[in-house]
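Inside the fold
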Amino acid sequence: DTEVTQTPKHLVMGMTNKKSLKCEQHMGHRAMYWYKQKAKKPPELMFVYSYEKLSINESVPSRFSPECPNSSLLNLHLHALQPEDSALYLCASSQDTSGSWYEQYFGPGTRLTVT
Amino acid sequence: AQSVTQLDSQVPVFEEAPVELRCNYSSSVSVYLFWYVQYPNQGLQLLLKYLSGSTLVKGINGFEAEFNKSQTSFHLRKPSVHISDTAEYFCAVSVQNTGFQKLVFGTGTRLLVSP
């Protein structure tokens, strides 16, 4: 099974709301990623977790708060977002992150609209 | 810094015609290069990768790419496209970032296949 699942598929939230995006994989991967993709743009890396520890934060605003409760699950907590944060949020996982190259498997994404 | 350039934002082609999507990279060191495909409302799927060895790389769905070091290119080709190949195609390079491999994507090329 090479599937990464993401919920919800679509999310509409106001600027004062608190919501969470969820990502799950059962491939035994130890690295998980959050990407943000604006319309007609390439994905941009936000966070990398390796062995359940935050390894990379690409200078993401604090209104985005990642969490990795266990090796299979990755959350992205959202609070006080701005309309410009509307985008497709992609989760990915890979066997590992360092020492060699490991294929990243992407989920279908959550399309977020901030009103 | 390592980066990739996709000069064509959109490539229209008729069904069963050949296609080439162009990608040029800039790097002063050895590179890992990739092509990903993104179908509408879906995540990214790896088409093929170049890590080392043979410069002609074959991928899924009949796609292939050739790594050309002298021209710093990694163009994607398919001899005969199908309607179902309509999608966004991203070239990407793997960049070392504090011990971690990070994917940096090009701006993407939309392949439009018409009957």
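Chains are numbered independently. Their residues run from 1 in the order of the written sequence. For naming, the first written chain is A and the first written ligand is 1, with later ones following in the order written. Given that the model is predicted, a residue must reach a pLDDT of at least 70 before its local features are reported, and side-chain atom pairs must reach 80 or more before they are shown or counted; all residues, however, enter totals for whole chains, interfaces and linings. Hydrogens are left out, water is left out, and the side-chain values use all remaining heavy atoms of the structure.

Before going further, it helps to spend a moment on the pattern of salt bridges. The rule for a salt bridge is simple: a side-chain nitrogen of Lys or Arg has to be within 4 Å of a carboxyl oxygen of Asp or Glu. Here the structure, examined in full by the defined rule, presents 11 salt bridges over all chains. The salt bridge involving A:Asp85 is made with A:Lys36; its shortest N-O contact spans 3.8 Å. In this pair, A:Asp85 is assigned in the loop between β8 (73–79) and β9 (87–94) and A:Lys36 in strand β4 (residues 31–37), connecting sequence segments 49 residues apart. Like A:Asp85, the residue A:Lys36 is buried in the burial classification. A salt bridge links B:Arg77 to B:Glu66, with the shortest nitrogen-to-oxygen separation between them at 3.6 Å. In this pair, B:Arg77 sits in strand β9 (residues 73–78) while B:Glu66 sits in strand β8 (residues 64–68), placing the two residues 11 residues apart along the sequence. Partly exposed describes any residue whose relative accessible area lies between the buried limit of under 20% and the exposed limit of over 50%, with all areas from a 1.4 Å probe on protein chains only and scaled to the type maximum. Owing to a relative accessible area of 28%, B:Arg77 belongs among the partly exposed residues under this scheme. Each of A:Lys36, A:Arg63 and A:Asp85 takes part in one network of salt bridges that share partners. Numbering of helices and strands runs from the N terminus; a helix is a DSSP stretch of H or I covering at least four residues, while a strand is a stretch of E covering at least two.

What follows concerns the interface of chain A and chain B. Size of an interface, as often reported, equals the accessible area lost when the parts are brought together. Whether two residues touch is decided by their heavy atoms; if any such pair falls within 4.5 Å, the residues are in contact. Contacts between the two partners involve 22 residues from chain A and, on the opposite side, 22 residues from chain B. Using a 1.4 Å probe, buried area is obtained as the accessible area two parts lose upon being combined, added over both of them. When residues of chain A are sorted by the area they lose upon contact with chain B, A:Pro42, A:Trp101 and A:Phe106 head the list and together hold 33% of the total. Where chain A packs against chain B, one counts one salt bridge. The residue A:Glu58 makes a salt bridge to B:Lys102 at a minimum N-O spacing of 2.5 Å. We define a polar contact as two N or O atoms separated by no more than 3.5 Å, with the added condition that, inside protein, one atom must be a possible hydrogen donor and the other a possible acceptor, whereas residues neighbouring each other in sequence contribute only through side-chain atom pairs. Along the contact surface separating chain A from chain B lie two residue pairs in polar contact (both at pLDDT 80 or more). Of all elements in the fold, only β4, β5 (44–50), β6 (53–57) and β9 of chain A reach the threshold of two or more residues within the side of chain A that touches chain B.

Further remarks concern the state of the cysteines. Residues and elements named next belong to chain A. Any two cysteine sulfur atoms lying within 2.5 Å of each other are counted as a disulfide. As enumerated under the stated definition, the model contains two disulfides over all chains in all. Bridging Cys-23 to Cys-91, the disulfide has an S-S length of 1.9 Å. Here Cys-23 and Cys-91 share a disulfide; its torsion about the S-S bond, -70°, makes the bridge left-handed. Of this pair, Cys-23 sits in strand β3 (residues 18–25) while Cys-91 sits in strand β9, and the two are 68 residues apart along the sequence.

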